Structure formats: structure tokens, C-alpha cells
Amino acid sequence: MVVVSGQFVDRGTADDAMSSSDAEDELIEPATPTPGSATFSLHGKLPPLQLPEVVPLSVGGMCFTTRLSTLRRYEDTMLAAMFSGRHHIPTDAEGRYFIDRDGTYFGDILNFLRCGELPSQKRIKMVYKEAQYYSIGPLLDLLDKMQPLTDHLERIIEIGKLRAIQRKARFAKLKVCVFKEEMPITPYECPQFNTLRFERSESESKHFEHQCDVDVSFGPWEAVADVYDLLHCIVSDLSDRGIAVEHQCIGVCDKHLVNHYYCKRPIYEFKITWW
């Protein structure tokens, strides 16, 4: 006979047994987070996105390539914010950064950001809408000043048609004044006013206000383009409409303004041929 004294202890089967090493494994804490993961977990922010110096773009499926500094040219624009490194930018299957926008006029946007180049007259309205979308203030300011040029172009066509009909001719001639500076800068003799326009007072400037005796006047403007650039744009825009144009400088406006000052704005003769 076997007598058992004390409490009975159930040690279980071998499968139910847990080694000390297994128990320790369950109590092991996660590894120390890396600086990047710590930033994400503590602050809810991702590290800044590292963007390439040369940026491949897909705008509505149209492909472009430009420098990162070009996209960041003006800091208050949507493009500068998008490519600041603070935001995630989706990419297409080829790894190009994707902008969900019609890319037809995006080339005009890039040309302005690169070198200040402005669109042709026929593209102004659509480029203006794109400049609004991308919030490019400097481009919007310049396009606002170019809008009247479109009206003047229509006036050239209107006057040319009317004169051709009246004279029953296949061509018409117009006088056009194209000037970049608002104030005359060439006095005949000793001036009594400052030569540079920005040094003239408001009362002095009134002495120089006048309209040249021409059919249409273009100017003044503050864009980089000079008089010959604008003349080229006018001829190109008319040619795009199927209107043949020849032009030549026929002199200057000799309007006497005040004292020894005369206008001296260049006058061009436009010959428009309709057929």
C-alpha cells in the first residue's frame, strides 16, 4: 500500500509544457524604432520627399521634362507647393509625376517659368485659365495687360475689311503705332523735365499724354518683349487667320507735346491683302 501525503500537483503533458525560453520570447518588447518611423508614429508626418533635379511629368497623359527649380520658380504657386517635398505626388506606370489636368497648354506654363516667354495672342485666353489653375500670379498679371492687344488685333482686321470693301480693292493699308515706353525719351533740346519716365511727377506726365494720329496703337507694356517682337506676333497671328500682311516703318509721330519735347513714337504702315 502506497500512502501519498500533501497536495497533488498536475504538471500536465509534455505538449502543454512551456519552456522558459518560450515564455521569455512572449515578453520581448519591439525593437527601438528608427528615426523615420519614430517621426511618423509620434508626429503623424512622413519625412520630406526627395525629388530629382530633373523632373519627368505626365500632365493628362502628355509628357514633359523640366528642372525642379523651374517648377519652384515662384514660391506661391500650386506647382511650387506640389513639388516642395511636403506632399505625396502620384506617378504613372513609367514613374512620371502625374498631374490630372489637360496638358495642351502646360508647355506655355513651363516656357514662362523657364524664361518669361509669353504665349501667342490666340493662346492667351486658354493659357490664362491654366495660370489661374496653377495660381501663377506673375503670369496672370502680364496676361491681363496683354488682353487689350487681342482687341486691337480685331480692330486691325475690322478696319482693313472696311477699307477694302469701300475701295473695292483686294488690299488695304493702315497706320499702326507700336511703342514699348509710355513716355517720349528723346528731347530735341535741353529738357526741362527728367528724361526717365519714373522720375516724372504726375503733373509732368500729363503734358505727355496724347493719342498718335494712327488707326491702331499698341503700347505701352512691361514684358520683356520689344517692339519687333510684338510686330512679329501681330503678323503671325494675322497669318494664322489666313491674312497676308506686310509692314514697314514710315516715320515717327511728330506731335509737339511741351517745350522741346515731341512724341517720336514709330509709325508703321500695314498692308493687308485679303485674297
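Structure: see above.
Each chain carries its own residue numbering, running from 1 in the written order of its sequence. Local features are withheld for residues below a pLDDT of 70 in this predicted model, meaning they are given only at 70 or higher, and side-chain atom pairs are given and counted only at 80 or more; totals for whole chains, interfaces and linings count all residues. Note: side-chain values were computed over all heavy atoms of the structure, leaving out hydrogens and water.

**Brief notes about the overall build of the protein chain**
So, point 1. A count of helical and extended segments in the protein chain gives 9 helices and 9 strands.
So, point 2. A 1.4 Å probe rolled over the protein chains alone gives each residue an accessible area, and that area as a share of the maximum for its type sets the label: buried under 20%, exposed over 50%, partly exposed in between. The buried share among the 275 residues of the protein chain stands at 33%.
So, point 3. We call two residues in contact whenever any of their non-hydrogen atoms come within 4.5 Å of each other. Contacts spanning at least 24 positions in sequence make up 64% of the contacts within the protein chain whose residues lie at least 6 apart.
So, point 4. Per element, the accessible surface of the protein chain, about 18100 Å² overall, is 52% carbon and sulfur. Only DSSP runs of H or I reaching four residues or more are called helices, and only runs of E reaching two or more are called strands; each is numbered from the N terminus. Note that accessible areas follow from Shrake-Rupley with a 1.4 Å probe, and for residues the cover is restricted to the protein chains shown.

**Regarding the sheet that holds strand 9 (residues 266–273)**
So, point 1. Within the open sheet, the 4 strands sit side by side as 5-4-9-6. Their pairing is mixed. Bordering the open sheet on either side are strand 5 (216–218) and strand 6 (244–252), each of which pairs with just one other strand. Neighbour-to-neighbour, the strand axes of this sheet turn through a mean angle of 30 degrees, independent of strand direction.
So, point 2. Where strand 6 meets strand 9, 8 bridges bridge the pair, whose relative direction is antiparallel. Within strand 9, the position partnered with Ala-244 by the bridge is Thr-273.
So, point 3. Whenever a helix is involved, its axis is fitted only over the stretch in contact; in every case the axis is a line through C-alpha atoms, and angles between N-to-C directions fall within 0 to 180 degrees. Sheet strands touched by helix 9 (residues 227–240): strand 4 (171–178), strand 5, strand 6 and strand 9. Its angle to strand 9, the strand with the most contacts, is close to 15 degrees. Criterion used throughout: strands pair if DSSP finds at least two bridges between them.

**A few points about the environment of Arg-72**
So, point 1. Locating Arg-72 in the fold gives a position in the loop between helix 3 (68–71) and helix 4 (78–82).
So, point 2. Assessed through its relative accessible area of 34%, Arg-72 is described here as partly exposed.
So, point 3. Sequence separation between Arg-72 and Met-82 is 10 residues; the distance between their C-alpha atoms is 9.1 Å.
So, point 4. Setting aside its immediate chain neighbours within four residues, Arg-72 contacts Leu-51, Ala-80, Phe-83, Ser-84 and Gly-85.

**As for the pattern of salt bridges**
So, point 1. Think of a salt bridge as a Lys or Arg side-chain nitrogen and an Asp or Glu carboxyl oxygen that are within 4 Å of each other. Evaluated as defined, the whole model comprises 6 salt bridges.
So, point 2. Between Glu-53 and Arg-67 there is a salt bridge whose closest N-O contact spans 3.0 Å. One end of the pair, Glu-53, is in the loop between helix 2 (35–43) and strand 1 (54–59); the other, Arg-67, is in strand 2 (residues 62–67), with 14 residues separating them in the sequence.
So, point 3. Its salt-bridge partner being Arg-123, residue Asp-108 comes within 2.6 Å of it at the nearest N-O pair. Taken together, the residues span a long stretch of sequence, with Asp-108 in helix 5 (residues 106–115) and Arg-123 in the loop between helix 5 and helix 6 (124–133) at a distance of 15 residues.
So, point 4. Relative accessible area serves as the criterion here: at 13%, Asp-108 is assigned to the buried category.

**So, the packing of aromatic side chains**
So, point 1. The pairing test for Phe, Tyr and Trp rings, Trp by its six-membered ring, is centres within 6.5 Å, and the orientation test on the planes gives stacked under 30 degrees, edge-to-face over 60, and tilted for anything in between. A full pass over the atoms with the stated rule returns 5 aromatic pairs.
So, point 2. Judged by centre distance (5.2 Å) and plane angle (65 degrees), the ring pair of Phe-64 and Phe-106 falls under edge-to-face. Here the residue Phe-64 occupies a position in strand 2, and Phe-106 occupies one in helix 5, the gap between them amounting to 42 residues.
So, point 3. By relative accessible area, which is 15% here, Phe-64 ends up buried.

**Quick word on helix 5**
So, point 1. Buried within helix 5 we find Phe-106, Asp-108, Ile-109, Leu-110, Phe-112 and Leu-113.
So, point 2. Gly-116 lies just past helix 5 and shows a positive phi near 80 degrees.

**Notes on the sheet that holds strand 3 (residues 97–99)**
So, point 1. Strands sit in the order 2-1-3 across an open sheet of 3 strands; the sheet is mixed. Looking at strand neighbours, the two that pair on one side only are strand 2 and strand 3, the edges of this open sheet. Strand-to-strand, the axes of this sheet are offset by a mean angle of 30 degrees, without reference to chain direction.
So, point 2. Across 3 bridges, strand 1 lies against strand 3 in parallel orientation. In the sheet register, Ser-58 faces strand 3, and the bridge partner there is Phe-98.
So, point 3. Lying over the sheet, helix 5 contacts strand 1 and strand 2, oriented at roughly 5 degrees with respect to strand 2.

**What to know about helix 6**
So, point 1. Listed in full, the buried residues belonging to helix 6 are Ile-124, Val-127, Tyr-128, Glu-130 and Ala-131. Looking straight down helix 6, one finds that the buried residues subtend no more than 165 degrees of arc, so they occupy a single side.
So, point 2. Directly beyond the C-terminal end of helix 6, a positive phi value near 55 degrees is found at Ser-135. Working note: the arc is built from the helix axis to C-beta atom directions.

**Things to note about the environment of Val-127**
So, point 1. Within the secondary structure, Val-127 is located in helix 6.
So, point 2. Overall, Val-127 belongs to the buried group, its relative accessible area being 0%.
So, point 3. Residues Val-127 and Tyr-105, 22 residues apart in the sequence, show an inter-C-alpha distance of 6.0 Å.
So, point 4. Setting aside residues up to four positions removed in sequence, Val-127 forms contacts with Tyr-105, Asp-108, Ile-109, Pro-119, Leu-139 and Leu-143.

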